[in-house]
Amino acid sequence: MTANTNDLIALEASLLARIAAASDDAALEALRVEALGKQGSVSVLMKTLGSMSPEERKAFGPKLNALKDQITEAIVVKKAAFAEAALDAQLKAEAVDVTLPPVKPRIGTIHPVSRVMEELAQIFGEMGFAVEEGPEIETDFNNFTALNFPPKHPAREMHDTFFMNATDEHGARKVLRTHTSPVQVRTMLKQKPPIRMICMGRTYRCDSDATHTPMFHQIEGLVIDEATSMADLKSVLVAAIKAFFEVDEVRLRFRPHHFPFTEPSAEVDVGCDRSGGQIRIGAGDDWLEILGSGMVHPNVLKNCGIDPEKYQGYAFGMGIDRLAMLKYGMPDLRDFFAADTRWLKHYGFSPYLLPGLAQGVG
Ligand code: PHE
């Protein structure tokens, strides 16, 4: 079989038209096999070159090769166009409209206690306090003895302690820590002064009513240095309470008190307004007790390997749950730990809006 130039022109026109009209990759592949496959129309013509006279081959060969190249190229170009169209379609389908409001997160809310802890870490962090941690099951030594509670003293009972069956290496029963003060002990035992730390966490006492739960949260602060004073303590507390409650003015009243681990010791009241059945911190001429504080007792320093002749320090402790109730207005502490999703939804915070130095802590 020999083909003439007209046949080639017709074949070329028909193949190019069909390639142009191919609607998808599969149609294109079928065309490629039809033209360039082993039995393809172009391949079959190529085979006829062998039986041609040299003159015929000279005239026909280059045209046939050109046809083969052109069809091959047309298929490649069309294939690339399909790939690009597919990518375009995919990008369009996956496009995100950034002007739409964000999809509501389905991962719950941040508990007010966690939120308040974040706020306090920010506030005290800015004042140079490091955050320390300790375990909730403590030794009698760390929870009481190192903190200058005399052995068998009723002060230990005052804390309504939960005792564990497990004992420490001295045979003393371990306790669920009744306050966060053992973290101060741990910090003093492992760090040299100057020390400037806070610790926050769960504490336990056998007590339950609208303002007491057997598990509650405390924050405690400790500063140990060569020259510290009650005046430093007051200035830190004023700054922290102003920042926490987001008020410009705050009044503090120090009342003499007793803690085994501080001397002198003071309970601190904050000025508030109770008119209208609500407590507002900052304004008004009422008082609300919010924390315990004092200068660290020399015996505590000694028990923790710090020379009381060279160093002194101050410490303070507050209830975190109480701070959350005052700031965010929950009336009953027991609801905090009832795991009621309606309460959590109402009082919880968005996980995307953590307190930060830029956006404030409120
Ligand atoms: N640890 C004390 C308590 O739980 C609070 C406190 C801490 C008081 C530090 C004074 C200094 O009652």
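Residues numbered from 1 in each chain as written. Predicted model: local features only at pLDDT ≥ 70, side-chain atom pairs only at ≥ 80, totals over all residues. Heavy atoms only, no water.

Chemist: Quick rundown of empty space enclosed by the protein? Include the residues and the values.
Modeler: On inspection of all chains with the given rule, the structure shows 2 cavities of 30 Å³ or more. In this structure, the largest cavity occupies an estimated 40 Å³ of space. Forming the boundary of the largest cavity are Leu120, Ala240, Ile241, Phe244, Phe245, Met318 and Leu323. Element by element, the count of residues in the lining of the largest cavity is highest for helix α9 (residues 230–245), at 4 residues. Residue classes in the lining of the largest cavity are distributed as 7 nonpolar, no polar and no charged. Approximately 30 Å³ is the volume found for the second largest cavity. Around the second largest cavity, the lining residues are Leu147, Gln184, Phe261, Thr262, Val296, Val300 and Ala315. Of the residues belonging to the lining of the second largest cavity, the class tally is 5 nonpolar, 2 polar and no charged. (1 Å grid on protein atoms, 1.4 Å probe; cavity = no way out; pocket = protein on both sides within 12 Å on 5 of 7 lines; lining within 4 Å. Points joined across faces, edges and corners; volume = space filled by probe spheres on them. Helix = DSSP H or I, 4+ residues; strand = E, 2+ residues; numbered from the N terminus. Nonpolar A, V, L, I, M, F, W, Y, C, P; charged D, E, K, R; others polar.)

Chemist: Could you give me a rundown of the site of the ligand, with the residues and numbers involved?
Modeler: Taken together, 13 residues form the shell around the ligand, and within it His179, Ser181, Arg205, Gln218 and Ser293 come nearest. In the environment of the ligand, a nitrogen atom lies 3.0 Å from a nitrogen or oxygen atom belonging to the side chain of Ser181. Here the ligand loses 93% of its free accessible area of 320 Å² to cover by the protein chains. If you map the ligand onto the pockets, it falls in the largest pocket. Of all elements in the fold, only β6 (215–225), β10 (286–296) and β11 (312–319) reach the threshold of two or more residues within the shell around the ligand. (Near = heavy atom within 4 Å. Polar contact = N/O pair within 3.5 Å; in protein donor to acceptor, adjacent residues only side chain to side chain. Areas by Shrake-Rupley, 256 points an atom, 1.4 Å probe, with all protein chains shown as cover. Sits in = over half its atoms within 2 Å of the grid points.)

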